[in-house]
Every structure is written in C-alpha cells, then in structure tokens.
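# Survey of secondary and tertiary structure
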Amino acid sequence: MRDSRTASRKIALCAMLMALAMIFSYVEVLIPINLGVPGIKLGIANLVVVVGLFFLPAGEVLMISVARILLMGYLFGNGMSILYSLAGGLLSFLVMFLLKHIKGFSITGVVTHNVAQICVAALVVQNRKLFYYLPALLVAGVITGMLIGILSDRILSAVKREGRKSSSR
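Residues numbered from 1 in each chain as written. Predicted model: local features only at pLDDT ≥ 70, side-chain atom pairs only at ≥ 80, totals over all residues. Heavy atoms only, no water.

Take the nonpolar core next. Ranked by size, the top nonpolar core spans 15 residues in total, and within it Val61 and Ile64 carry the most contacts. Elements with a contribution of two residues or more to this core: α1 (2-30), α2 (46-53), α3 (58-76) and α4 (79-100). The element contributing the most residues to this core is α1, with five residues. For Val61, the contacting residues outside a window of four places in its chain are Val49, Gly52, Leu53, Leu56 and Phe93. (Core = buried A, V, L, I, M, F, W, Y, C linked by side-chain atoms within 4.5 Å. Buried < 20%, exposed > 50% of the residue type's maximum accessible area, 1.4 Å probe, protein only. Helix = DSSP H or I, 4+ residues; strand = E, 2+ residues; numbered from the N terminus. Contact = heavy atoms within 4.5 Å.)

Taking 1.5 Å per residue as the helical rise, α4 with its 22 residues ought to reach 32 Å, and the 31 Å between its terminal C-alpha atoms agrees with that figure. Among all positions in α4, only Ile82, Ala87, Gly88, Gly89, Ser92, Phe93, Met96 and Leu99 are buried. The secondary structure elements touched by the buried residues of α4 are α2, α3 and α5 (115-125). Measuring from the backbone nitrogen of Met80 back to the side-chain oxygen at the start of α4 gives 2.9 Å, which picks out Asn78 as the cap. (Expected span 1.5 Å × (residues − 1). Polar contact = N/O pair within 3.5 Å; in protein donor to acceptor, adjacent residues only side chain to side chain.)

This brings us to the layout of surface pockets. What the second largest pocket holds in volume is close to 170 Å³. Lining the second largest pocket are Leu13, Met16, Leu17, Leu20, Phe24, Leu47, Val48, Val51, Phe55, Ile155 and Val159. Broken down by element, the lining of the second largest pocket gets its largest block of residues, five residues, from α1. Residues that form the lining of the second largest pocket fall into these classes: 11 nonpolar, no polar and no charged. (1 Å grid on protein atoms, 1.4 Å probe; cavity = no way out; pocket = protein on both sides within 12 Å on 5 of 7 lines; lining within 4 Å. Points joined across faces, edges and corners; volume = space filled by probe spheres on them. Nonpolar A, V, L, I, M, F, W, Y, C, P; charged D, E, K, R; others polar.)

Our focus in this paragraph is the side chain of Thr144. Assignment of secondary structure puts Thr144 in helix α6 (residues 134-168). Thr144 gets classed as buried once you look at its relative accessible area, which sits at 15%. In this view, Thr144 contacts Lys41 and Leu42; residues no more than four positions away in its chain are not counted.

Time to look at α3. Since the α-helix turns once every 3.6 residues, residues separated by three or four places project in the same direction. Taking 1.5 Å of rise per residue, the 19 residues of α3 would be expected to cover 27 Å, and the 27 Å separating its terminal C-alpha atoms lies within 8% of that figure. Listed as buried for α3 are Glu60, Val61, Ile64, Ser65, Arg68, Ile69, Met72 and Gly73.

Nonpolar side chains collect at one region of the surface, where Ile23, Val27, Ile31, Ile33, Leu35 and Leu42 lie side by side and expose about 470 Å² of accessible area between them. Along the chain, the position of Leu35 falls in the loop between α1 and α2. Look at Leu35 and you get exposed, because its relative accessible area is 61%. (Patch = residues over 30% accessible without salt bridge, like charges linked within 9 Å, V, L, I, M, F, W, Y side chains within 5 Å. Areas by Shrake-Rupley, 256 points an atom, 1.4 Å probe, with all protein chains shown as cover. Salt bridge = Lys/Arg side-chain N within 4 Å of Asp/Glu carboxyl O.)

This brings us to the packing of aromatic side chains. Per the counting criterion, the structure on display carries two aromatic pairs. Seen in terms of ring centroids, Tyr26 and Phe76 are 5.2 Å apart; in terms of plane orientation they differ by 35 degrees. Their pairing is tilted. Residue Tyr26 is found in helix α1, and its partner Phe76 is found in helix α3; the two are separated by 50 residues along the sequence. A relative accessible area of 36% places Tyr26 in the partly exposed class. (Phe/Tyr/Trp six-rings, centres within 6.5 Å; stacked < 30°, edge-to-face > 60°.)

Right, let's get into the packing of α3 against α4. Remark: α3 packs on α4, axes separated minimally by 10 Å, with the N-to-C direction vectors making an angle of 165 degrees. The pairing of α3 with α4 is recorded here as roughly antiparallel in orientation. In terms of crossing hand, the pair formed by α3 and α4 is right-handed. Contacts from Ala58, Val61, Leu62, Val66, Ile69, Leu70, Gly73 and Tyr74 of α3 reach α4 at Ile82, Ser85, Leu86, Gly89, Leu90, Phe93 and Phe97. Of the residues in the contact of α3 with α4, the class split is 12 nonpolar, three polar and no charged. (Axes fitted to C-alpha atoms, helices over the stretch in contact; angles between N-to-C directions. Parallel < 35°, antiparallel > 145°, perpendicular 65-115°, else oblique. Left-handed = near helix turned anticlockwise from the far one by under 90°.)

As structure tokens, this is what we get:
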C-alpha cells in the first residue's frame, strides 16, 4: 500500500511540475523582450528544471523538461523552434546536472546558456555568421541565469523549510 501511495505522489509531483513549467513557458511567450537581438528570453521555465534537479531524480526532471519543450513547441511553435529548444534544453540540462555534482558550485552557478541553440541554428541555415549573436546571448544568458539561479535558490530554501515544518508536526 505504501509503495502505491509513494508512486502516486511522485506522479502527481511530476504532473504538477510539468504544468508549472508549461505555465511559465506560456507566460514567457507573452512577455515581449526586444533588445535588438533575436532569441533573448527570460527562461523562467528553467526554474522548474533547476529546482527539480535538487529534489527529484535526474531522469524525472529530464522527462519534465523534454515533455515541456515538445508540448510547448507543438502548441505555440514549429518544427524549427522545437529543434532549437530541444538542443538548448538538453545541453543545458546536461551541464546543470554535471555542475550540480561538482563541489563549489551553488544552485546559482548551475544555470547555463544558449550555445547549443546557436550551434543548431548555424548548422540548419549553414551560416557561421550567426555566432556573432553569441556574445549578446551569453551576456543576456548570464544575467537571466543569475536571476533564475537566485529565484531557484529561494524556492528550494522555502521548500526545505516547509518540509522541516511538516516533518516536525
């Protein structure tokens, strides 16, 4: 009986995080950011991935991330946006997963950038000049990554605090 309850809770948690990631992705589509460089986004859906990496198995977080990218791409994007998002999401996930296991990196230092998306775009359009966007995207990625990292750290602290409160009751 206990195992089925644990499995049900795990499924419910993954479904809730998936819905939250999709909501964040949709909200991000509604926020216009026009800094003269295409491709700059806040990355608020990454909050779910970053926080999830610190209290869920990596495979479940990866599933949530890939499913979010596919569903949002089918709902609001196109085949190319799915390709770019998957490339960026998978590389970002891999780097965050690896950095999480290196001592000396905080949750803020775990957030990564748009390099994979530029590489895929350069391959698809067969134009290396797209790499000229990389410095601007990296600066934006560092700024938004730090903000997402700080928010993730605060969310994780609140979740841990709440967990301690509920276990002491």
